[in-house]
Amino acid sequence: MGDERSMYALFDHLRSTDPLSRVEHPDYRPFWSLTRYDDIRHIGSQNDSFLSAPRTILIPSAFEEALLAQFGTSNGLETLIHMDRPKHLKMRKVTREWFLPRSIETLQAEVELLAKEFVDRMQEMGDECDFVKDIALLFPLRIILSILGLPREAEGTMLRLTQEMFGGQDPELQRGDSETAGLEVLNEFGAYFAEVIEDRKRNPQDDLATVLANAEVDGEPMNMLDQASYFIITASAGHDTTSAAIGGGMKALLEHPEQLALWRDTPAIDDRAAREVIRWVSPVRHMVRTATADTDLHGKTIRAGDNVALWYPAANRDPAVFEAPNSLDLQRDPKTQLAFGYGSHMCLGQHLAALELRCFFRELLPRLKSMEFNGDPEWIKAIFVGGLRSMPVRYQLG
Ligand code: HEM
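Not measured: the values here are computed from a predicted model.

Rules behind the numbers
- Residues numbered from 1 in each chain as written.
- Predicted model: local features only at pLDDT ≥ 70, side-chain atom pairs only at ≥ 80, totals over all residues.
- Heavy atoms only, no water.
- Donors = N, O, S within 2.8 Å, 3.2 Å for Na, K, Ca; no water.
- Helix = DSSP H or I, 4+ residues; strand = E, 2+ residues; numbered from the N terminus.
- Phe/Tyr/Trp six-rings, centres within 6.5 Å; stacked < 30°, edge-to-face > 60°.
- Buried < 20%, exposed > 50% of the residue type's maximum accessible area, 1.4 Å probe, protein only.
- Contact = heavy atoms within 4.5 Å.
- Near = heavy atom within 4 Å.
- Polar contact = N/O pair within 3.5 Å; in protein donor to acceptor, adjacent residues only side chain to side chain.
- Nonpolar A, V, L, I, M, F, W, Y, C, P; charged D, E, K, R; others polar.
- Expected span 1.5 Å × (residues − 1).
- Pairing = 2+ DSSP bridges.
- Axes fitted to C-alpha atoms, helices over the stretch in contact; angles between N-to-C directions.
- Salt bridge = Lys/Arg side-chain N within 4 Å of Asp/Glu carboxyl O.

A. Layout of the coordination of the iron atom of the ligand. In this structure, the iron atom of the ligand receives exactly one donor atom from the protein: C347 (SG), at 2.3 Å. Here C347 lies in the loop between α16 (312–315) and α17 (350–367).

B. Here's a closer look at the packing of aromatic side chains. Under the criterion given, the structure shown has 9 aromatic pairs. Seen from their ring centres, F139 and F360 are 5.4 Å apart, and the 45° between their planes marks the pair as tilted. Linking F139 in helix α8 (residues 138–148) with F360 in helix α17, this pair joins segments that are 221 residues apart in sequence. Accessibility classification places F139 together with F360 in one group, the buried group. Their ring planes at 40° and their centres at 5.0 Å tell us that W263 and F361 sit as a pair that is tilted. Of this pair, W263 sits in helix α14 (residues 257–265) while F361 sits in helix α17; the two residues are 98 residues apart in sequence, bridging distant segments of the chain. Under the relative-accessibility criterion, W263 is labelled buried at 0%.

C. Region of the structure containing the side chain of D39. One can find D39 in helix α2 (residues 37–45). In this structure, D39 is in contact with P19, L34, L297 and H298, ignoring residues within four places of it in sequence.

D. Representation of the site of the ligand. Around the ligand there are 27 residues in total, and H88, R92, R289, H345 and C347 lie nearest to it. Here an oxygen atom of the ligand sits 3.4 Å away from a polar atom, N or O, in the main chain of L80. A distance of 2.7 Å separates an oxygen atom of the ligand from a polar side-chain atom of R92. Elements that contribute at least two residues to the shell around the ligand include exactly α4 (87–99), α12 (224–237), α13 (240–255) and β7 (286–291). Among the residues making up the shell around the ligand, the classes are represented as 16 nonpolar, 9 polar and 2 charged.

E. Local environment of helix α6 (residues 108–124). Along its 17 residues, α6 runs 24 Å from first to last C-alpha, staying within 8% of the 24 Å computed at 1.5 Å per residue. Contact partners of the buried residues in α6: β4 (128–130), α7 (131–136), α8, α17, β11 (368–373) and β14 (392–397). Backbone geometry just after α6 places G126 at a positive phi near 100°.

F. Local environment of the sheet that holds β11. What the 3 strands build is an open sheet, ordered β4-β14-β11; its pairing is antiparallel. Two strands close off the open sheet at either side, each with one partner strand: β4 and β11. Ignoring strand direction, the axes of neighbouring strands in this sheet form an average angle of 30°.

G. Up close: the pattern of salt bridges. Here the structure, examined in full by the defined rule, presents 35 salt bridges. For the salt bridge of D12 with R15, the shortest nitrogen-to-oxygen distance reads 2.9 Å. Here D12 pairs with R15, and both are found in helix α1 (residues 4–17), just 3 residues apart, close to one helical turn. D12 sits in the partly exposed class, given a relative accessible area of 30%.

H. Representation of the environment of K381 in the model. Within the secondary structure, K381 sits in the loop between β12 (378–379) and β13 (388–390). For K381, a relative accessible area of 45% translates into the label partly exposed. When the C-alpha atoms of K381 and D3 are compared, they prove to be 8.1 Å apart, with 378 residues separating the residues in sequence.

I. Molecular detail of the pairing of strand β2 (residues 31–34). Residues F31 and S33 line one face of β2 and the alternating positions W32 and L34 line the opposite face, and both faces are buried. Strand direction decides the pairing type here: strand β1 (residues 20–23) and β2, joined by 4 bridges, are antiparallel. Paired with S21 across the bridge in β2 is S33.

J. Inspection of the sheet that holds β1 at higher detail. The sheet built from 5 strands is open, its strands ordered β1-β2-β10-β7-β3 with mixed pairing. Each end of this open sheet is capped by a strand with a single partner; those strands are β1 and β3 (50–51). As paired strands, β7 and strand β10 (residues 307–311) are joined by 5 bridges and run antiparallel to one another. From the neighbouring strand, V288 faces β10, where its bridge partner is A309. Its contacts with the sheet place α2 against β2, β3, β7 and β10, and it is angled at close to 125° to β10.

Next comes the structure, spelled out in structure tokens:
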């Protein structure tokens, strides 16, 4: 899936002609595609009859087989997004407090400071930069590392591993062509975090790494694999998604200058605007659920064991729910959108993501005298977490 125009054209077509469509693609095991808002919200909330395991996202069959051979599951990892009840609830509880709005608000001063650091960096770069590579990719990475308690020196490794993990179908971001490359990435991630866990057991600090290293589930210490998986999901889910939202958000604001001016002049809409930008970009393209029983929908039957892909960008542009869905409207009600999913897996980091966007654009917009594209934006080729690879811009900052 490449640029947004062709992606939304395909979703519009499917939503109106075949809302539950069977996909048979040579590189993937067959699956159903859902593109209507109501269906996606309904199936997303049926967490006992549409499971997150054993197939959580679409991955090419060859890689799935390699994962099965090494780990015995087609996910490889077992992180929060791969789990179902009862384990999912117990594991989610471990960090729930950390991600509640009242805890996230305590990070505001730190996030504001980092936002200022990155906007200052843009200013120091002069009047041109690649907004995605120089800013959008690095700001959320710095924040998630800071929350986890990892040093700045870890940035390079984390950026590379996250991109290789989510780079999916993109030849520039993939580690290599072979199926074993994906396994190498997982193993490298795991080995890095195993060291951090050992350190925080010996030297507890006030960070999320210490919470994970010392967490107990059912009165027992969390095992090493669960801890490493937790680190991986937090570091990866908290980074690429938010980067995509900031990069795609900047592009959308440049294309809607009246909305840019509205946000700049109206701090009261910061939270709404941040969440509308997230609807607009919908960085997580899909999640997959597996049916536990036969289910009839739109005159067809999803059989027990079948996989269903929930296409969030399609839900977020459904005209049955959103008035003028293809217009960026920063004053839109932010509660309806599904970019963070729905049901018991709904994004744990959603308030952090919104805070990051709020702080970043609140710092940037009042200082921005002008900005324009300085070349064509390029898209990552990905069907899981998608966004821009590059967006050269020319600007004047005050
Ligand atoms: C889960 C989207 C930012 C951590 C999810 C899910 C979506 C999503 C759609 C649901 C998965 C499912 O239903 O199976 C996004 C978007 C973001 C974002 C669009 C940014 C704009 C973040 C951030 C964090 C984070 C900043 C911080 C660590 C997580 C975690 C889960 C999750 C841990 C798994 C929750 C569970 O399965 O119980 N996210 N996310 N996300 N997200 Fe986010």
